[in-house]
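# Structure assessment
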Amino acid sequence: MRIHIATDHAGLEFSTQLQHHLAAAGHEVIDHGPLEYDALDDYPAFCIRAAQAVVRDQAAGIEALGVVFGGSGNGEQIAANKVVGVRAALAWSIATAELAREHNDANVIAIGARQHTFDEASTFIDRFIATPFSGEERHARRIGQLAAYEEDGSLEPDPRATTGRPDVLAADDSSFDPEAG
């Protein structure tokens with residue numbers, strides 16, 4: 001499988017170890033940066049390029065996934081999720097890594113390199129790569145809803161519309177004053 005990876009400065013050492021680990025497992029690894037340590041680097045471009053490559057490969061029929069990581073993995077996950085077609089999931093355990101693939105068909109995993117040992121994180125990544133999407137109808141339906149929103153902003157009908165209960169988030173007449181607390 002082709003694995004696209006990206007990090008920030010916090011995960012650079014982790015990236016090197018991970019590339020060797022994944023290559024030893026038979027994967028083709030493509031590194032999207034950074035190339036050298038810079039404490040002031042900006043991770044979004046690295047992670048977005050990795051995510052774009054995953055989507056491009058998958059659209060071409062190439063089996064590919066992505067791995068993005070940084071200190072917490074949060075910013076890297078957010079960056080990857082800006083790419084249309086990406087479902088990046090932050091994993092902090094074997095169970096969250098597995099469920100990201102099994103239920104959400106996530107195609108990018110985000111890891112906090114400062115939150116886990118290399119052995120822990122590589123175990124999460126290995127499980128993520130090895131776990132197939134279940135294909136269950138309920139999960140496929142939900143992923144379809146996410147894709148529809150991403151494509152054209154469409155949402156499923158609001159269940160409050162048929163019950164007569166107002167959609168408090170859509171109400172224009174809110175009297176809430178954030179400065180008043």
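This text goes with the structure placed above it.
Report on the accompanying structure. (Residues numbered from 1 in each chain as written. Predicted model: local features only at pLDDT ≥ 70, side-chain atom pairs only at ≥ 80, totals over all residues. Heavy atoms only, no water.)

The subject of this paragraph is the packing of helix H1 (residues 12-24) against helix H5 (residues 118-130). Packed helices, taken two at a time, are described by the angle between their axes plus the distance between the axes. The N-to-C vectors of H1 and H5 enclose an angle of 45°; their axes lie 11 Å apart at closest approach. If you check the angle between H1 and H5, you find them oblique. For the element pair H1 and H5, the recorded crossing hand is right-handed. Side by side, H1 and H5 meet where Phe14, Gln17, Leu18, His21 and Leu22 of the first sit next to Phe118, Ala121, Ser122, Ile125, Asp126 and Ile129 of the second. (Axes fitted to C-alpha atoms, helices over the stretch in contact; angles between N-to-C directions. Helix = DSSP H or I, 4+ residues; strand = E, 2+ residues; numbered from the N terminus. Parallel < 35°, antiparallel > 145°, perpendicular 65-115°, else oblique. Left-handed = near helix turned anticlockwise from the far one by under 90°. Contact = heavy atoms within 4.5 Å.)

Let's shift gears to helix H2 (residues 43-59). An ideal rise of 1.5 Å per residue puts 24 Å on 17 residues; H2 measures up with 24 Å between its terminal C-alpha atoms. Residues Phe46, Cys47, Ala50, Ala51, Ala53, Val54 and Asp57 constitute the buried set of H2. Projected onto a plane normal to the axis of H2, the buried residues spread over an arc of 155° and lie on a single side. When the buried face of H2 is taken as reference, the exposed residues oriented beyond 90 degrees from it are Arg56 and Ala59. On its buried face, H2 sits against strand E1 (2-7), strand E3 (64-70), helix H3 (74-80) and strand E5 (108-112). (Expected span 1.5 Å × (residues − 1). Buried < 20%, exposed > 50% of the residue type's maximum accessible area, 1.4 Å probe, protein only. Arc of directions from axis to C-beta.)

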